[in-house]
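# What the coordinates show
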Amino acid sequence: MEILATAGLIILVYATGWFILSLFVRRNDIADIAWGLGYVVLCGWLILTRPVSPVFWLIASLIAIWGVRLAWHIGRRLIGKPEDFRYRKWREEWGSTFYWRSYLQVYLLQGLLLVIIAMPILVAAGHPEVRLTGWSWLAAGIWLAGFLTQAIADAQLASFVRHRASREDVLDTGLWRYSRHPNYFGEILMWWAIWAITIPLPELVGHSGSGHHYLVAGLRVRSAHAGKEVCGTYRLSGLSETNQHADSLVAGSG
């Protein structure tokens, strides 16, 4: 529990820092940049403060690749553009409560989800004795498939938005021919793979111990979180808003 409490405190400070930055830049969509980098921060803290296993190094490396790529992908799309329409809508709807609701509903809620989803990272850090096996590399291969799926889907969407003749056009080529949101499919696949890498940990052998429940809880929350992002497209009313959502997907996925 000590490692979980410390991780929560670190992410509280991290989320608060991004909220303060949002006040200076006057846009809340930078929270999307903070999302992936938060996991990288946790991995860095764990590496610097405790002995870790080769399994943890593998997990941390994969998460660092994912988190940095996601932050770069989102950040470069935000440059020179107005705040994402979803955050602008909240800014208008929240009125005088905008600042405290932004802090609680955007930054602290995201931080809470981050800590829950990071359970495989925290549990893996508690077992410096665990070694890599063939299973570890098989799971890493599944992660790579998810990473490539997300990266390729993001690139295809970005190209489509830049070159489409009309905002009413629909992307139905490439990976988007097979899935409504292949980028989110890749995201979910990566996190299932991270969980799979942790299977040799003592908590999962025999499916016993609190660590097993923490790992499964984190995986369920991540899958539900990605599913909520996908379903959000269908809840939007009107073609123009759906296309705005497509534009925002170019700014980030995950």
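So, here is what we can say about the structure in this document. Treat the numbers as computed from the prediction; the structure is a model and nothing was measured.

It is worth spelling out the packing of aromatic side chains at this point. Tallying each qualifying case throughout the model produces 13 aromatic pairs. For the pair Phe-19 and Tyr-103, a centre-to-centre distance of 5.0 Å together with 45 degrees between the ring planes defines the contact as tilted. Here Tyr-103 lies in helix H5 (residues 98-117) and Phe-19 lies in helix H1 (residues 2-25), a separation of 84 residues in the sequence. Given a relative accessible area of 22%, Tyr-103 falls into the partly exposed group. Each ring, one from Trp-143 and one from Phe-147, has its centre 5.1 Å from the other, and the planes form 15 degrees; the classification is stacked. Note that Trp-143 and Phe-147 are positioned in helix H7 (residues 134-163) at a spacing of four residues, about one turn of the helix. Against the face of Trp-45 rests Arg-50, its NZ or CZ located 5.7 Å from the ring centre.

With that out of the way, let us pick up the nonpolar core. Tyr-39, Ile-63, Trp-66 and Ile-121 are the most contacted members of the largest nonpolar core, which totals 56 residues. Of all elements in the fold, only H1, helix H2 (31-49), helix H3 (54-78), helix H4 (85-94), H5, helix H6 (119-125), H7 and helix H8 (182-197) reach the threshold of two or more residues within this core. The leading source of residues in this core is H3, at twelve residues. Here Trp-66 is in contact with Trp-35, Gly-36, Tyr-39, Trp-143, Phe-147, Gln-150, Glu-187, Met-190 and Trp-191, once residues within four sequence places are set aside. In terms of nonpolar packing, the next biggest core, distinct from the first, is built from five residues, Ala-153, Leu-157, Phe-160 and Leu-171 among them.

Right, let's get into the environment of Leu-21. Note that Leu-21 resides in helix H1. Remark: the alpha-carbon pair of Leu-21 and Ala-31, spanning ten residues in sequence, is separated by 9.8 Å.

One pass over the full model with this rule turns up one cavity of 30 Å³ or more. Computed from the structure, the largest cavity encloses a volume of approximately 60 Å³. As for the largest cavity, its lining consists of Ile-11, Tyr-14, Ala-15, Trp-18, Ala-34, Tyr-107, Gln-110, Gly-111 and Leu-114. Put simply, the parts of the chain that give the lining of the largest cavity at least two residues each are H1 and H5. Along the lines of polarity and charge, the residues of the lining of the largest cavity split into seven nonpolar, two polar and no charged.

What counts, and where the lines are drawn
Residues numbered from 1 in each chain as written. Predicted model: local features only at pLDDT ≥ 70, side-chain atom pairs only at ≥ 80, totals over all residues. Heavy atoms only, no water. Phe/Tyr/Trp six-rings, centres within 6.5 Å; stacked < 30°, edge-to-face > 60°. Helix = DSSP H or I, 4+ residues; strand = E, 2+ residues; numbered from the N terminus. Buried < 20%, exposed > 50% of the residue type's maximum accessible area, 1.4 Å probe, protein only. Lys NZ or Arg CZ within 6 Å of the ring centre and 35° of its normal. Core = buried A, V, L, I, M, F, W, Y, C linked by side-chain atoms within 4.5 Å. Contact = heavy atoms within 4.5 Å. 1 Å grid on protein atoms, 1.4 Å probe; cavity = no way out; pocket = protein on both sides within 12 Å on 5 of 7 lines; lining within 4 Å. Points joined across faces, edges and corners; volume = space filled by probe spheres on them. Nonpolar A, V, L, I, M, F, W, Y, C, P; charged D, E, K, R; others polar.

Keep in mind that these numbers describe shape and distance, not what the molecule does.
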